[in-house]
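Read off the chains here:
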Amino acid sequence: MVHKRKYPSKRSEHSSKFPNGSFLRHERNGGGRLTEDRGERQFGSSWKKERIVYVVLTVFAACVAGIMHRNHIAGMFERHLHFSHLSELDRDLSLKTEMGLYFSYYKTMITSPTFFGGLNEIIYDNVTEYPKTINTLKRFNLYPEVVLAVCYRLYDRVTKYFNIETKQCWKTTRGGHRPPTISCEGLGDVHYFYTEMIFFVNGASMTALFLFGWYLSESFFGGVLVVASFFYNHGECTRVQWSPNLRENFAYPFLVIQMFTVTLTLKSTQPDHKHSLLIALATACFILPWQFGQFVLVTQTMSLFAMYILQIINSHKLIVILVGQSVGLWASFIFLFGNEMLLTSYLFAALVTAHILTSFESFIFQIKRPLIIMMIQGASLVAGTLTVKRAMSMMLSVKDDAHISAILLSKFTNFSNFHTKMYTCNSEFDFMAFEIPMRMSKTLLLPSVGIIVVAIICNVLKKPFEGSRNTQMKSVMEHDTLAHGFEPHAELVYHVFQLASFSLMAMMIMRLKLLWTPHMCLVTSLLASRKLFGCLFSEKRSHLSAIVLVLALMSYQGVQNLAHQWAVKGEFADLPLEEMTQWVKGNTPRDAVFAGPMPTMATIKLVTERSIVNHPHYEDAQLRERTKIAYAWCSRKPPHEVKRSLKGLGVDYLIMESAWCFGHSNTGCTMLDTWDADDVENRNRPSTCVELFKKPEPYFKAVFKNNAYVILKL
């Protein structure tokens, strides 16, 4: 018996798949028009509504996380200094070292009769390194202050126009013989506006981290894990609560966005110029506020090129990202008035080398041995980067970042000089202390990241060399651009490489844990990834239970860490510094020139508006040499040589700090030890600082003295 297959004469069926795995059946009528079953159409509409609700709730949760972080850091800042009850003078004095320097330029732009008049003052500044005129916007990455000054002036103008009260002031009585002061609170106060905007930006960075974790893990709980890890390890993630206006606090939120755009590009199947534009914009916004940003981004370039060498990404994706980084770097160069450090940076050299190597890809792939190809590409990148860096530095005669190499050399050899000790004697530039990873282990941050890295290695990197590499090389030589590299999870590999780079940086310079720890918090989001851990948890419910358990275990130590931060309370007061600055304002001419300790010089410029010859921004080669001359009073040089050196800088007054003269150190880090590294011929002489404290005559005249400071007139 023969069975005949029946075919519909006027209608056919086919199915299409929804993103959640369900199927929708379509029927085609005789006229060729698609119709849908009403129930299935309602199902599709319901699925879209659920998706929209899910996204809205995720964004809402991210915004809540940002508000929580803003309140957290603002609360700690207030409790630490009792900021709301400080006078304007005390608020100025609380901005130690370079923080006071940065704020002084913001203050210049908002107190000037016009914004452009203030901007002109900081572009043509002869007060910071008297008598030299410098462009401080170019040198100190002051775009955050420029933007905040614009915002404050607009805010002030609008509120005055509508007669809106923006601050409340009251008289505060102080103990002892100190006169009462006026304290103001509200956005109308210049200090409040400045710090509140910083806290807002860093609150927004938590929102971005939540969304980043959600996107990376493809789970709402990925964002929750990021936020919980960040809060529980907050003291290792940021310093914004203690030092609001450091450059990193303005720049890091843009680094999060920049890495987000790179991740987006890596996940895209066909990235194009739009991705390059997003990367360029985020890269420029990251570099402009922070001079160190170029060193962070060179690790990104190296990580991406390593992925290209391993054929995890193809040349097209790499070039899209390199173009974005390059455009961002050039935009920064233009906006920073042609800052030569950017053209002599390792980032510029690495980008040039990477572009050249990718353009010669077809020639390199003519070699049939994959291992040799990888060795050639890796060695060429390193050698080319160093060569281009050295050539550009020699061509432009720039030595501003030479101290970075010297610092690294001093860490692994016996090499030491005045400038390296100025860095390495600061604990922030020391090797990472062992207790830091131990603290992170107690909150399960480090173990969680370790598990995730192992999972990525097992799930993503286990087959980097499988398949026919020769076939891929042949395709490249035939100009057949691959749609994918070896691995569809390139974004996960990138974050492993980036984490490894940040880990190495943090181990060598402890200050850079502020990059390492937040990135570990971001990587913890992958605990919620079904792609990585779906094989261990066949059901979503069991996976969710494991995540809740991890969060509970994190909370045991994490809540204690938060309680410790909340318990920090104090009130700022520095009577010796206040006395000294008030004496300077009342007893020296406006055109007087000062030299002294770098942190104190920033305060002198901010509070007294007097000219200074040295300051805490130590990244410029000429400034480093100028500071060394100005610090001769900390050496063993004869007093007449010290006076001659200071006169050569145009100094009228020298401020000495007793702690710098009579301090002791078991690690060889007093100022005398720092000088002895270079000034061999005077090692047998007594301390010049102690000499001048006891008897400044006949070369100097003591005009002011309290228990912390002495001012000598030349």
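Figured I'd write up the structure that's included with this text.

Rules and cut-offs
- Residues numbered from 1 in each chain as written.
- Predicted model: local features only at pLDDT ≥ 70, side-chain atom pairs only at ≥ 80, totals over all residues.
- Heavy atoms only, no water.
- Helix = DSSP H or I, 4+ residues; strand = E, 2+ residues; numbered from the N terminus.
- Contact = heavy atoms within 4.5 Å.
- Areas by Shrake-Rupley, 256 points an atom, 1.4 Å probe, with all protein chains shown as cover.
- Pairing = 2+ DSSP bridges.
- Axes fitted to C-alpha atoms, helices over the stretch in contact; angles between N-to-C directions.
- Phe/Tyr/Trp six-rings, centres within 6.5 Å; stacked < 30°, edge-to-face > 60°.
- Buried < 20%, exposed > 50% of the residue type's maximum accessible area, 1.4 Å probe, protein only.
- Disulfide = S-S within 2.5 Å.
- Salt bridge = Lys/Arg side-chain N within 4 Å of Asp/Glu carboxyl O.
- Patch = residues over 30% accessible without salt bridge, like charges linked within 9 Å, V, L, I, M, F, W, Y side chains within 5 Å.
- Core = buried A, V, L, I, M, F, W, Y, C linked by side-chain atoms within 4.5 Å.
- Parallel < 35°, antiparallel > 145°, perpendicular 65-115°, else oblique.
- Left-handed = near helix turned anticlockwise from the far one by under 90°.

Helix and strand content of the protein chain: 33 helices and 12 strands. Across the protein chain, the fraction of contacts at a sequence separation of at least 24, relative to all contacts at a separation of at least 6, is 72%. Surface accessibility of the protein chain: about 33,500 Å² in total, with carbon and sulfur atoms responsible for 61%.

Right, let's get into the sheet that holds strand β11 (residues 701-705). With respect to topology, 5 strands assemble into an open sheet ordered β9-β8-β10-β12-β11, the strand pairing being mixed. Each having just a single partner strand, β9 (611-612) and β11 make up the two edges of the open sheet. For β11 and strand β12 (residues 709-713), the ladder comprises 4 bridges, and the chain directions are antiparallel. Its bridge partner lying in β12, Ala702 is registered against Leu712. Helix-sheet contacts for helix α27 (residues 575-587) involve β8 (593-595), β10 (653-657), β11 and β12, and the interaxial angle to β12 is about 20°.

Let us now look at the packing of aromatic side chains. Considering all chains together, one arrives at 32 aromatic pairs under this definition. On the basis of an interplanar angle of 90° and a centroid distance of 5.7 Å, the ring pair of Phe220 and Phe221 is categorised as edge-to-face. In this structure Phe220 comes out as partly exposed when scored by relative accessible area, which is 25%. With 5.1 Å between their ring centres and 55° between their planes, Phe418 and Trp675 make a pair best called tilted.

A few words on the state of the cysteines. For the structure on display, the rule yields 2 disulfides. Bridging Cys169 to Cys184, the disulfide has an S-S length of 2.0 Å. Residues Cys169 and Cys184 are joined by a disulfide whose S-S torsion is about 105°; by sign, that bridge is right-handed. Placement of the pair is Cys169 in strand β6 (residues 168-172) and Cys184 in strand β7 (residues 181-185), with a sequence separation of 15 residues. Look at Cys169 and you get partly exposed, because its relative accessible area is 42%. Here Cys661 is linked by a disulfide to Cys689, with a sulfur-sulfur distance of 1.3 Å. On the criterion of sequence distance, the pair formed by Cys661 in helix α31 (residues 658-662) and Cys689 in helix α33 (residues 688-694) is long-range, its members being 28 residues apart.

In this section: the pattern of salt bridges. Throughout the structure, instances matching the rule amount to 22 salt bridges. Across the salt bridge formed by Asp156 and Lys160, the nearest N and O atoms sit 3.2 Å from each other. Of this pair, Asp156 and Lys160 both sit in helix α6 (residues 143-161), 4 residues apart, which is roughly one turn of the helix. Look at Lys160 and you get exposed, because its relative accessible area is 60%. Glu218 is the salt-bridge partner of Lys267, the closest N and O atoms lying 3.2 Å from each other. Here Lys267, found in helix α10 (residues 247-267), pairs with Glu218, found in the loop between α7 (190-217) and α8 (220-232); they are 49 residues apart in sequence, far enough to count as distant. Take Glu218: its relative accessible area is 47%, and that puts it in the partly exposed class. Counted as one network, the salt bridges with shared partners bring together Arg239, Glu248, Glu428 and Arg511.

Residues Val158, Tyr161, Phe162 and Ile164 make up a contiguous nonpolar surface patch of about 480 Å² in total accessible area. Counting through the fold element by element, Ile164 comes out in the loop between α6 and β6.

Another aspect to go through is the nonpolar core. Soluble, globular proteins show a tendency: their nonpolar side chains are buried together. Ranked by size, the top nonpolar core spans 188 residues in total, and within it Tyr106 and Trp633 carry the most contacts. Considering every element that reaches this core, the biggest residue donor is α7, with 12 residues. In contact with Tyr106, not counting residues within four places along its chain, are Glu145, Leu148, Ala149, Tyr152, Val190, Phe193 and Tyr194.

Right, let's talk about the packing of helix α3 (residues 97-111) against α7 for a bit. In contact at an axis separation of 11 Å, α3 and α7 are set at 120° when each is read in the N-to-C sense. Classified by the angle their axes make, α3 and α7 are oblique. α3 and α7 meet at a crossing whose hand is right-handed. Between α3, through Tyr102, Phe103, Tyr106 and Ile110, and α7, the contact on the second element is made entirely by Val190, His191, Phe193 and Tyr194.

Take the environment of Asp676 next. Residue placement: Asp676 occurs in helix α32 (residues 671-676). Between the C-alpha atom of Asp676 and that of Phe418, which follows or precedes it by 258 residues, the distance is 8.2 Å.

It is worth spelling out the packing of helix α12 (residues 293-309) against helix α23 (residues 490-508) at this point. Close contact between α12 and α23 brings their axes to 9 Å; oriented N to C, the two are set at 135°. It follows that α12 is oblique to α23 by the angle criterion. In this structure, the crossing between α12 and α23 has a hand that is right-handed. Between α12 and α23, the residues in contact are Val296, Thr299, Gln300, Ser303, Leu304, Ala306 and Met307 and Ala490, Val493, Tyr494, Phe497, Gln498, Ser501, Phe502 and Met505, respectively.

By the element assignment, Asp90 lies in helix α2 (residues 88-94). Residue classification places Asp90 among the buried positions, given a relative accessible area of 4%. Along the primary structure Asp90 and Leu577 are separated by 487 residues, whereas in three dimensions their C-alpha atoms are 9.9 Å apart. If near-sequence neighbours (up to four positions away) are discounted, Asp90 is found in contact with Arg174, Arg178, Phe572 and Glu578.

With that out of the way, let us pick up the environment of Leu347. Within the secondary structure layout, Leu347 lies in helix α15 (residues 346-359). By relative accessible area, which is 1% here, Leu347 ends up buried. Residues Leu347 and Val298 lie 49 residues apart in sequence; the distance between their C-alpha atoms is 4.6 Å. For Leu347, the residues in contact, after removing those within four places along its chain, are Ile287, Gln294, Leu297, Val298, Thr301 and Leu329.

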